[in-house]
Amino acid sequence: MKNSYLWIVFLFCLGCTKIVPRKPINPSPSTTIYKETIDQAKLLNAIEDEKIRQFIKNDSTKIYTQSSKGFWYTYLHKVEENLPTPVKGNEVTFTYNIKDLNDSIIYSRKDLGMKSYVVDKEDFISGLQKGIKLMKIGETITFVIPSYSAFGITGDGDRIGINQSIISSVTLINIK
């Protein structure tokens, strides 16, 4: 009985000692890597934005508008009537294509077919999700989308490469 009492006291004392966590030998490398990654991403985005500006400059037949959402767009067919634009939860039907900054077709309208999409409820190209909300039925808009609002650092695993900006002409057919 006395032995078990001593064990209980011993375990109680051992359990009450404060455990000091181990700390990394040099904590700064992880913060340095994080900062370097951010700086590298900013540099890549700046290079990509410059390529897009150059594309827009070379396409002198159209007037592009830069959106606050990080993409550029131009109307190929604008509807002047006061019609509604899609909002969150609407199902939209549209056709679109995807090209690169050299204006070469990556995916044609025929390849992609007619697309139905529930606005802000489904996973889709981020830049087009935002751009479609600008459209009225019957409009066709060309969007120039940087990779960070398109397929990002992974591409699509098929025809769209890593960090590749895209151009997409979208025709809005219906809003439900």
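Our subject is the structure that appears above.
Report on the accompanying structure. (Residues numbered from 1 in each chain as written. Predicted model: local features only at pLDDT ≥ 70, side-chain atom pairs only at ≥ 80, totals over all residues. Heavy atoms only, no water.)

A closer look at the environment of Lys78
Short version of the rule: Only DSSP runs of H or I covering at least 4 residues are called helices, and only runs of E covering at least 2 are called strands; the numbering of each starts at the N terminus. Each residue gets one of three labels from its accessible area relative to the maximum for its type: buried under 20%, exposed over 50%, partly exposed in between, using a 1.4 Å probe on protein chains only.
Structurally, Lys78 is set in the loop between strand E2 (72–77) and strand E3 (91–96). Owing to a relative accessible area of 40%, Lys78 belongs among the partly exposed residues under this scheme. Placed 59 residues apart in sequence, Lys78 and Ile137 show a C-alpha to C-alpha distance of 9.7 Å.

Thoughts on the pairing of E3
Rule in force here: Strand pairing is assigned whenever DSSP identifies at least 2 bridges connecting the two strands.
Burial analysis of E3 places five of its six residues in the buried class, which makes it a mostly covered element. Pairing of E3 with strand E6 (residues 115–118), which is carried by four bridges, proceeds in the antiparallel orientation. By the bridge assignment for E6, Phe94 is matched with Lys115. Summarising the sheet, E3 and strand E8 (residues 166–175) pair through five bridges and their orientation is antiparallel. Among the inter-strand pairings, Tyr96 is bridged to a residue of E8, identified as Val170.

Structural notes on unusual backbone geometry
Backbone geometry places Asp103, a non-glycine residue, at a positive phi of 70 degrees. Among the structural elements, Asp103 can be located in the loop between strand E4 (98–99) and strand E5 (105–107). Residue classification places Asp103 among the partly exposed residues on the basis of a relative accessible area of 44%. Of note in the backbone geometry, Asp120 takes a positive phi value of approximately 60 degrees without being a glycine. Structurally, Asp120 is set in the loop between E6 and helix H4 (126–132). Given the relative accessible area of 30%, Asp120 is considered partly exposed.

Looking at the packing of aromatic side chains
Rules: Classification of ring pairs uses Phe, Tyr and Trp, with its six-membered ring standing for Trp, and accepts pairs whose centres are within 6.5 Å; under 30 degrees between planes counts as stacked, over 60 as edge-to-face, and the remaining range as tilted.
Counted under the stated rule, the structure contains nine aromatic pairs. Centroid distance Tyr73 to Phe143: 6.4 Å. Interplanar angle 40 degrees. Geometry classified as tilted. In this pair, Tyr73 sits in strand E2 while Phe143 sits in strand E7 (residues 140–145), placing the two residues 70 residues apart along the sequence. One exposure class covers both Tyr73 and Phe143, and it is buried. On the numbers, 5.7 Å between centres and 80 degrees between planes, the contact of Tyr96 with Phe124 is edge-to-face.

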